[in-house]
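Close look at the chain arrangement
Residue strings, one per chain:
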Amino acid sequence: MIICRNVHVAYQNHVMALEDINFSLQGPTITGIIGPNGAGKSTLLKAILKITPHTGEIFINGDATKKWLKRVAYVEQKSAIDFTFPITVKECVSLGTYPAVGLFRRLKRSNWADVERALRTVRMEAFINRQISELSGGQFQRVLLARCLVQKADFIFLDEPFVGIDSISEQIIMQTLRQLKNAGKTILIVHHDLSKVGQYFDQLVILNKQLVAVGPTERVFQKESLLQAYGENIFVDGGND
């Protein structure tokens, strides 16, 4: 379970990025975080991960977040990742072992077996020795998900994983995420395509700097909540009346 109590995040100029966020999420779940640009969606993930300073309280399974950070896998937006870094697919996925194994320690045969298994799960085993710079956006996103699988995290945070990727990669990623949910994982996804919300998420957090709605998708993905979050210009027919 993830609990946020009175969470505030302010920029250096004292403009609020998030204000008075209160909710609890019970897993296993695939929860979407939606809202307009600048709503604080990515900021919320970073606050939970203690990357971004905040006030208020955040708990994971009843404990302070710090206790659970090794059990959280995080994939930030692709725009923040250096695709040109000289590393192979195999080496990139193996980074997921480090929270358990530790840095600068030689990986065991079982660790490399986990890497290969994860790449098979996301159907990227044929690219195991490729440089990441040779991959398409969708292929690279699958590699990043494989890294999460190797980490064997209980909580997986993905920031806009479907932006600029092909439909096959998107299907493979969602299939894998559903398997992870069925295995008991809690997955939070920052998402922007409202047409896929009902198909992808069992719960939603709707933000616009403040919490607009939270709960089961069929209950909160409604015209009223979308208008409150996005304003009158949004095309809301994708939500339920």
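Bear in mind the structure is a predicted one, so any value in this text is a computation, not a measurement.

Another point: the pairing of strand E9 (residues 203-208). Along E9, five of the six residues are buried, which leaves the element largely enclosed by surrounding structure. Sheet analysis places strand E3 (residues 29-34) next to E9, joined by four bridges and oriented parallel. Along E9, the bridge assignment pairs Gly32 with Leu204. Bridge count for E9 against strand E10 (residues 210-216) is six bridges, and the pairing is antiparallel. When the sheet's bridge partners are listed, Val205 is paired in E10 with Val214.

Moving on to the sheet that holds E9. Spatial ordering of the open sheet is given by E6-E7-E8-E3-E9-E10, a layout of six strands whose pairing is mixed. The open sheet terminates on both sides in strands that have one partner only, identified here as strand E6 (72-75) and E10. Strand-to-strand, the axes of this sheet are offset by a mean angle of 15°, without reference to chain direction. Across the sheet, helix H6 (residues 167-182) lies against E3, strand E7 (155-159) and strand E8 (186-190), angled at about 125° from E3, the strand it touches most.

Time to look at unusual backbone geometry. Look at the link from Gly27 to Pro28: it is a cis peptide, with omega at 0°. Its location among the elements puts Pro28 in the loop between strand E2 (16-25) and E3. For Asn6, which is not glycine, the phi dihedral falls at a positive 50°. The topology assignment puts Asn6 in strand E1 (residues 2-10). Phi at Lys152 is positive, roughly 55°, even though this residue is not glycine. With respect to the element layout, Lys152 can be found in the loop between helix H5 (137-151) and E7.

A few words on helix H9 (residues 223-230). What H9 keeps buried is the set Ser225, Leu226 and Ala229. Considered in projection along H9, the buried side chains sweep an arc of 95° and stay on one side of the axis. Exposed side of H9, more than 90 degrees from the buried face: Glu224 and Gln228 are the residues found there. Positive backbone phi, at 95°, marks Gly231, one or two positions downstream of H9.

To continue, consider the nonpolar core. In this structure, Ile34, Val93, Leu119, Leu135, Leu177, Leu204 and Ile206 are the most contacted members of the largest nonpolar core, which totals 49 residues. With eight residues, H5 is the largest single contributor of residues to this core. Those residues within four positions of Leu177 in sequence are excluded, and the remaining contacts are Ile30, Leu145, Leu158, Ile187 and Ile189. Listed in part, the 27 residues of the second largest apolar core include Val7, Val9, Ala17 and Phe155.

This part covers the packing of helix H4 (residues 109-121) against H5. Packing of H4 against H5 brings their axes to within 9 Å, and their N-to-C directions diverge by 135°. The angle between H4 and H5 falls in the class oblique. When you trace H4 past H5, the crossing you get is right-handed. Seen from H4, the contacting residues are Asp114, Val115, Ala118, Leu119 and Thr121; seen from H5, they are Ala146, Leu149 and Val150.

Rules used throughout
- Residues numbered from 1 in each chain as written.
- Predicted model: local features only at pLDDT ≥ 70, side-chain atom pairs only at ≥ 80, totals over all residues.
- Heavy atoms only, no water.
- Buried < 20%, exposed > 50% of the residue type's maximum accessible area, 1.4 Å probe, protein only.
- Helix = DSSP H or I, 4+ residues; strand = E, 2+ residues; numbered from the N terminus.
- Pairing = 2+ DSSP bridges.
- Axes fitted to C-alpha atoms, helices over the stretch in contact; angles between N-to-C directions.
- Contact = heavy atoms within 4.5 Å.
- Arc of directions from axis to C-beta.
- Core = buried A, V, L, I, M, F, W, Y, C linked by side-chain atoms within 4.5 Å.
- Parallel < 35°, antiparallel > 145°, perpendicular 65-115°, else oblique.
- Left-handed = near helix turned anticlockwise from the far one by under 90°.

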